[in-house]
Amino acid sequence: MTRIIAGRAGSLTLEVPDAGTRPTSDRVRESLFGALESAEALRGAAVLDLYAGSGALALEAISRGAARADLVEKAPRAAGVVQRNIARVAKALGSREAPMTVHRTSVLAYLQTAPGPFDIVFIDPPYDLGEHELTHVLELLAPALSAHATVVVERAKRSPEPTLPAGLVADRMKRYGDTALWWSRPAEPGSD
């Protein structure tokens, strides 16, 4: 069972696709969102959730005060689940609804025309996503980030550290059981 942990839609149960996704555990989400809240990064943020799966990461951000969320999911069944979860969260928020949109396309296609700027980006790709494709995703993403953005890549702890393109710098890494989170941010101007 996946649920919204905290915020205005806290404890709301979310639907999870029956195959092809691996929802982020409650433990990892609690730690991730605790760090984002302590950095005061959520309130009013524009969130992008790539490889959205159930949409739990972006919807948790909305519940905790993010202003809008774009969720990208190519798999038709998973995209349908995301749309239903958006409707559940929107109902829970009532008149305070934040714009939430599911984009039924590939991550690479979406990033070709991503509107940006995004303040928080969650990248939780399938474990079999190749290193070259992940690097390409980060290259396309970099110009769509706000100056103070946070990018979080979630992968198996046995996966190598993501190769960051020019314009992004590593911030930190944290392991949780079999999961690792790599945080990065835009480089300071003139720091090349």
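Look above for the structure.
Since the model is a prediction, treat every value here as computed from it, not as a measurement.

(A) Region of interest: the nonpolar core. Core analysis: the biggest nonpolar cluster contains 36 residues, and Leu32, Val47, Val89 and Phe122 have the highest contact counts within it. Those elements that place two or more of their residues in this core are α1 (26-38), α2 (56-63), β4 (68-72), α3 (76-93), β5 (100-103), β6 (118-123) and β9 (179-186). With residues up to four places along the chain from it excluded, the contact list for Val89 reads Ile4, Ala9, Leu12, Leu14, Leu59, Ile62 and Met100.

(B) Expanded view of helix α5 (residues 131-141). Those residues of α5 lying buried are Leu134, Thr135, Val137, Leu138 and Leu141. Buried residues in α5, looked at end-on, bunch into an arc of 155°, giving them a common side. Those residues of α5 that are buried lie in contact with β3 (46-50), α4 (107-112), β6, β7 (145-156) and β8 (168-176).

(C) Spotlight on the sheet that holds β4. Read across the sheet, seven strands follow the order β5-β4-β3-β6-β7-β9-β8 without closing on themselves; strand pairing throughout is mixed. Lying at the two open borders of the sheet, with one neighbouring strand each, are β5 and β8. Put simply, the sheet's adjacent strands are angled 15° from each other on average, direction ignored. Judged from the four bridges that link them, β4 and β5 form a sheet pairing that is parallel. By the bridge assignment, Asp70 is partnered in β5 with Thr101. Across the sheet, α3 lies against β4 and β5, angled at about 175° from β5, the strand it touches most.

(D) Structural context of the pattern of salt bridges. Evaluated as defined, the whole model comprises seven salt bridges. Linking Arg64 and Glu37 is a salt bridge whose minimum nitrogen-to-oxygen distance equals 3.0 Å. Taken together, the residues span a long stretch of sequence, with Arg64 in the loop between α2 and β4 and Glu37 in helix α1 at a distance of 27 residues. Its relative accessible area of 38% is what places Glu37 among the partly exposed residues. Linked by salt bridges that have partners in common, Arg29, Glu37, Glu60 and Arg64 make up one network.

(E) Examining the environment of Leu111 more closely. Inspection of the secondary structure assignment puts Leu111 in helix α4. A C-alpha to C-alpha distance of 21 Å links Leu111 and Gly80, two positions 31 residues apart in sequence. In contact with Leu111, not counting residues within four places along its chain, are Leu48, Leu50, Val137, Leu140 and Leu141.

(F) Inspection of the layout of surface pockets at higher detail. For the second largest pocket, the calculated volume is near 190 Å³. Taken together, 17 residues form the lining of the second largest pocket, with Ala39, Ala41, His148, Ala149 and Thr150 sitting closest to its centre. Looking at the lining of the second largest pocket, the elements with two or more residues in it are α1, β7, β8 and β9.

(G) Looking closely at the side chain of Arg155. Summarising the element assignment, Arg155 is placed in strand β7. Of the residues examined, Arg155 reaches a relative accessible area of 3% and is grouped as buried. A distance of 3.5 Å separates a polar side-chain atom of Arg155 from the backbone oxygen of Leu129. Here the side chain of Arg155 touches Glu131 through a polar contact of 2.7 Å, side chain to side chain.

Calculation notes
- Residues numbered from 1 in each chain as written.
- Predicted model: local features only at pLDDT ≥ 70, side-chain atom pairs only at ≥ 80, totals over all residues.
- Heavy atoms only, no water.
- Core = buried A, V, L, I, M, F, W, Y, C linked by side-chain atoms within 4.5 Å.
- Buried < 20%, exposed > 50% of the residue type's maximum accessible area, 1.4 Å probe, protein only.
- Helix = DSSP H or I, 4+ residues; strand = E, 2+ residues; numbered from the N terminus.
- Contact = heavy atoms within 4.5 Å.
- Arc of directions from axis to C-beta.
- Pairing = 2+ DSSP bridges.
- Axes fitted to C-alpha atoms, helices over the stretch in contact; angles between N-to-C directions.
- Salt bridge = Lys/Arg side-chain N within 4 Å of Asp/Glu carboxyl O.
- 1 Å grid on protein atoms, 1.4 Å probe; cavity = no way out; pocket = protein on both sides within 12 Å on 5 of 7 lines; lining within 4 Å.
- Points joined across faces, edges and corners; volume = space filled by probe spheres on them.
- Polar contact = N/O pair within 3.5 Å; in protein donor to acceptor, adjacent residues only side chain to side chain.

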